[in-house]
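Per-entry structural report
Each chain, written out:
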Amino acid sequence: MSDEDLHRIELRAQTVEELRSFLDGIDLDLGCRPAVRRRSGEMVMEVYATMSQVNGLRVSRSASGVTVSVVENATQTGRARQAEVSSENRFSSGNRLSGQLPPSGLGIKE
Amino acid sequence: MPYMNVEEIEAALDALAASYPDAAQLVPLPNRTSEGRQSQALRIGSADVRAGNAVVITGGVHAREWVPSDALVNLAADLLEAHSRGTGLRYGGQRFLAEDIRSVVEELQLVLFPCVNPDGRHHSQTTEPMWRKNRRKVRADLGLHCVGVDINRNFDALWDFRRHFAPDSGVSASDDPCHPQVYVGPAAASEAETQNVVWLLEQFPHTRWFVDVHSYVPAVYHTWGFDENQTSDPSMSFRNPFFDGRRGRGNDSYREYIPGEDVEALRELGTAMNEGIRTAGEAAYDFEQSFSLYPTSGASDDYAYSRHFVDNANGKILSFTVECGRSFQPSWPEAEDVIREVCAGLIAFCLAAREQARRTTGPSV
């Protein structure tokens with residue numbers, strides 16, 4: 001694990017205002033977009049941060065009423081997922097196995 | 001079948017166009033990326049690009065969001081194969097009849113641009129998995145080596161966030177060229193990737209619907225992202241400089257104008273999309289306005305919808321962002337489930353769009 005690895009962090013609070021106050025003045029990776037969802041009566045959002053950022057948040061904002069949980073090391077997960085990226089060109093006209101067969105989607109044709 | 005790399009996405013589009021020449025046509029995009037890649041879109045539908053009601057669907061704007069590009073290629077492959085064979089399509093519990101598929105392909109123009117940001121996707125898939133932006137060196141002139149602009153902050157829709165938004169709005173944007181996530185770029189639409197999306201909207205002037213597929217929340221969002229919506233005061237809008245510096249706080253007197261009829265049309269389309277997703281997968285996505293915790297500037301959906309307000313020669317484009325799935329890079333089996341959700345949601349969306357088109361122009365076939 002590198003110090004630069006981004007971790008997926010879940011923030012939980014009672015209100016959106018608590019989350020806004022918690023995030024005020026800090027520059028975190030808010031994912032694709034800043035999104036808050038209601039879950040089990042709480043307001044939940046996900047952000048991405050290095051572990052040093054997470055530890056800093058836990059110290060500096062401990063009285064905020066916001067719960068900070070590390071879900072996973074997202075950089076590490078992403079590195080593992082790179083093995084699930086195709087390493088060839090399955091649809092190239094030069095592919096000796098397929099010629100230029102088009103992809104077939106996942107929908108069932110019926 | 002693993003995630004597609006960027007060369008495969010373009011080859012897949014080539015192969016689809018070659019295999020289904022009566023229903024599909026490649027649309028080469030004019031602006032090469034900073035790493036020299038040329039992108040392509042695929043048009044599905046009538047051969048007359050000036051006719052018909054077009055739906056433009058983009059994916060792969062953010063590099064680390066791997067599922068949307070695969071989903072759009074899958075969507076194209078499914079529609080073309082089913083149309084060619086005269087069959088319906090099924091995703092989980094969501095069934096579309098052969099007549100549904102025929103009408104989507106023959107009554108609409110579907111313009112799919114699966115990989116808007118191929119340089120970024122390649123970097124994310126081979127080097128830094130959490131990379132978000134494009135790969136242009138933005139400060140080489142000053143001896144700095146900052147790389148990348150956030151394409152979804154680079155569109156000409158309140159792009160100059162410091163001028164347009166309240167200082168305490170928390171707008172999700174940065175003018176720091178070294179910002180790792182949300183650098184807006186040196187000018188609106190400065191990036192080749194952004195220009196390619198704009199070009200598509202201009203190339204297909206009858207575009208009436210726009211969907212930008214991202215990941216993840218999961219949710220379906222409709223315009224606006226600037227501030228909370230209101231339907232009563234047309235003068236309180238992004239075009240009015242009187243409100244510069246006051247937008248984006250939420251819960252205050254400024255709200256962004258949107259005609260009530262558009263809210264209804266957006267709701268109809270978004271509900272249809274969500275119902276398709278719910279029936280195909282585990283659960284419905286949330287359906288909300290884009291503005292929530294913070295406003296966004298320079299986003300693709302707001303740009304597409306804003307165009308007809310800025311110049312009434314442009315047609316109205318009802319716009320959405322889909323945040324699919326529950327992680328950026330799920331394992332491939334999980335990604336397949338998300339792809340089914342996206343495809344089902346987008347076909348259901350197209351059927352609702354077809355209904356809107358029939359109400360305004362009558363069936364074209």
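In this text the structure is predicted, and so the values were computed from the model without any measurement.

1. What about unusual backbone geometry?
With the exception of glycine, the majority of residues adopt a negative phi angle, and the majority of peptide bonds are in the trans configuration. Look at the link from Ser215 of chain B to Tyr216 of chain B: it is a cis peptide, with omega at 0°. Of note, Tyr216 of chain B is situated in the loop between β7 (207-214) and β8 (219-222). Backbone geometry places Ser40 of chain A, a non-glycine residue, at a positive phi of 50°. Within the element layout of this structure, Ser40 of chain A appears in the loop between β2 (37-39) and β3 (42-49). For Ser40 of chain A, a relative accessible area of 77% translates into the label exposed.

2. Brief notes about the pairing of β8 of chain B
Residue and element names in this part refer to chain B. Burial along β8 is two-sided: the face carrying Ala219 and Tyr221 and the face carrying Val220 and His222 are both buried. For β8 and strand β11 (residues 286-289), the ladder comprises 4 bridges, and the chain directions are parallel. What sits directly across from His222, in β11, is Gln289.

3. Considerations on the environment of Thr58 of chain B
Residue and element names in this part refer to chain B. Along the chain, Thr58 falls in strand β3 (residues 53-59). Overall, Thr58 belongs to the buried group, its relative accessible area being 1%. Between the C-alpha atom of Thr58 and that of Ser300, which follows or precedes it by 242 residues, the distance is 9.5 Å. Look past the residues within four positions of Thr58 in its chain and what remains in contact with it is Leu72, Phe113, Val116, Val197, Phe210, Val211, Asp212 and Val213.

4. A look at the environment of Trp131 of chain B
Residues and elements named next belong to chain B. Relative to the helices and strands, Trp131 resides in the loop between α4 (118-126) and α5 (161-164). Setting aside residues no more than four positions away along its own chain, Trp131 makes contact with Ala63, Arg64, Gly120, His123, Ser124, Val147 and Gly148. A distance of 2.9 Å separates a polar atom in the side chain of Trp131 from the backbone oxygen of Lys133. From its side chain, Trp131 meets the backbone oxygen of Asn134 in a polar contact 3.1 Å long.

5. Some details on the pairing of β3 of chain B
Regular strands place side chains that alternate from one sheet face to the opposite one. Residue and element names in this part refer to chain B. With 7 of 7 residues buried, β3 lies mostly within the body of the structure. Covered by surrounding structure in β3 are Asn53, Val55, Ile57 and Gly59 together with Ala54, Val56 and Thr58, the residues of both alternating faces. Across 6 bridges, the pairing between β3 and strand β6 (residues 108-113) is parallel. The residue bridging Ile57 from the neighbouring strand is Leu112, located in β6.

6. Re the state of the cysteines
All names here are of chain B. The full count for this structure, using the stated rule, is 1 disulfide over all chains. At a sulfur-sulfur separation of 1.7 Å, the disulfide partner of Cys146 is Cys178. Handedness of the Cys146-Cys178 disulfide follows from its S-S torsion of about 65°: it is right-handed. Note that Cys146 is positioned in the loop between α4 and α5 and Cys178 in the loop between α5 and α6 (192-203), a separation of 32 residues in sequence. The thiol sulfur of Cys350 is not disulfide-bonded, and the nearest other cysteine sulfur, from Cys343, lies at 11 Å. A relative accessible area of 1% means that Cys350 is categorised as buried.

7. Observations concerning the interface of chain B and chain A
Each partner contributes residues to the interface: chain B has 74 residues there, and chain A has 46 residues. Both sides together, the interface formed by chain B and chain A hides about 4700 Å², and carbon and sulfur atoms give 52% of it. In terms of surface lost to chain A, no three residues of chain B exceed Glu8, Leu293 and Tyr294 of chain B, which account for 15% of the buried area on that side. Connecting chain B to chain A are 8 salt bridges. A salt bridge links Glu323 of chain B to Arg33 of chain A; the shortest N-O distance between them is 3.0 Å. In this structure, the connection of chain B to chain A is made through 34 residue pairs in polar contact (both at pLDDT 80 or more).

8. Some thoughts on the layout of surface pockets
There is about 770 Å³ of room inside the largest pocket. Lining of the largest pocket is provided by 32 residues; of these, Ile26 of chain A together with Gly170, Val171, Ser172 and Ala173 of chain B occupy positions nearest its centre. Of all the secondary structure elements, the ones that give two or more residues to the lining of the largest pocket are α1 (16-23) of chain A together with α5 of chain B. Broken down by element, the residue count for the lining of the largest pocket peaks at 3 residues, all from α1 of chain A.

9. Comments concerning the sheet that holds β2 of chain A
Residue and element names in this part refer to chain A. The strand order across the open sheet formed by 4 strands is β2-β3-β1-β4, and the pairing between neighbours is antiparallel. At either end of the open sheet lies a strand with only one pairing partner, and these are β2 and β4 (67-73). Across the sheet, the axes of successive neighbouring strands diverge by a mean angle of 35°, strand direction being ignored. Together, β1 (7-13), β3 and β4 form the strand contacts of α1, whose direction differs from that of β1 by roughly 135°. Here helix α3 (residues 74-81) sits on the sheet and contacts β1, β3 and β4; the angle it forms with β4, its principal contact strand, is near 20°.

10. So, the confidence of the model for chain B
Here chain B shows a mean pLDDT of 95. Residues at 70 or above account for 96%. For this predicted complex, the interface score ipTM comes out at 0.94, while the overall pTM is 0.96.

11. Considerations on the packing of helix α1 (residues 6-19) of chain B against helix α2 (residues 67-85) of chain B
Residue and element names in this part refer to chain B. At their nearest, the axes of α1 and α2 sit 11 Å apart, and the two run at 10° to each other. By the criterion of interaxial angle, the relationship of α1 to α2 is roughly parallel. Across the interface between the two elements, Ile9, Ala12, Leu13 and Leu16 from α1 touch Ser69, Val73, Ala76, Ala77 and Leu80 from α2. Of the residues that constitute the contact of α1 with α2, the class distribution is 8 nonpolar, 1 polar and no charged.

12. A few points about α3 of chain A
It helps to recall that an α-helix has 3.6 residues per turn; residues three or four apart then point in one direction. Those residues of α3 of chain A that fall on the buried side of the exposure criterion are Ala74, Thr75, Thr77, Gly78 and Arg81 of chain A. Buried residues of α3 of chain A fall within an arc of 160° about the axis and therefore sit on the same side. On its buried face, α3 of chain A sits against β1, β3 and β4 of chain A together with α9 (332-361) of chain B.

13. Quick look at the sheet that holds strand β2 (residues 40-44) of chain B
Residues and elements named next belong to chain B. Spatially, the 8 strands line up as an open sheet ordered β1-β2-β6-β3-β7-β12-β8-β11, and their pairing is mixed. Each of the sheet's edge strands pairs with one partner strand only, and the pair in question is β1 (24-28) and β11. Taken pair by pair, the neighbouring strands of this sheet meet at an average axis angle of 20°, ignoring direction. As defined by bridge partners, β8 adjoins strand β12 (residues 318-323) across 4 bridges and the pair is classed as antiparallel. Each bridged residue has a counterpart across the sheet, and for Ala219 the counterpart in β12 is Glu323. Contacting β7, β8, β11 and β12, helix α7 (residues 260-280) crosses the sheet at an angle of about 30° to β12. Running over the sheet, α9 touches β3, β6, β7 and β12 and is turned about 165° from β7.

About the cut-offs
- Residues numbered from 1 in each chain as written.
- Chains lettered and ligands numbered in written order.
- Predicted model: local features only at pLDDT ≥ 70, side-chain atom pairs only at ≥ 80, totals over all residues.
- Heavy atoms only, no water.
- Helix = DSSP H or I, 4+ residues; strand = E, 2+ residues; numbered from the N terminus.
- Buried < 20%, exposed > 50% of the residue type's maximum accessible area, 1.4 Å probe, protein only.
- Pairing = 2+ DSSP bridges.
- Contact = heavy atoms within 4.5 Å.
- Polar contact = N/O pair within 3.5 Å; in protein donor to acceptor, adjacent residues only side chain to side chain.
- Disulfide = S-S within 2.5 Å.
- Buried area = accessible area lost by both parts, 1.4 Å probe.
- Salt bridge = Lys/Arg side-chain N within 4 Å of Asp/Glu carboxyl O.
- 1 Å grid on protein atoms, 1.4 Å probe; cavity = no way out; pocket = protein on both sides within 12 Å on 5 of 7 lines; lining within 4 Å.
- Points joined across faces, edges and corners; volume = space filled by probe spheres on them.
- Axes fitted to C-alpha atoms, helices over the stretch in contact; angles between N-to-C directions.
- pLDDT = per-residue confidence, 0-100.
- Parallel < 35°, antiparallel > 145°, perpendicular 65-115°, else oblique.
- Nonpolar A, V, L, I, M, F, W, Y, C, P; charged D, E, K, R; others polar.
- Arc of directions from axis to C-beta.

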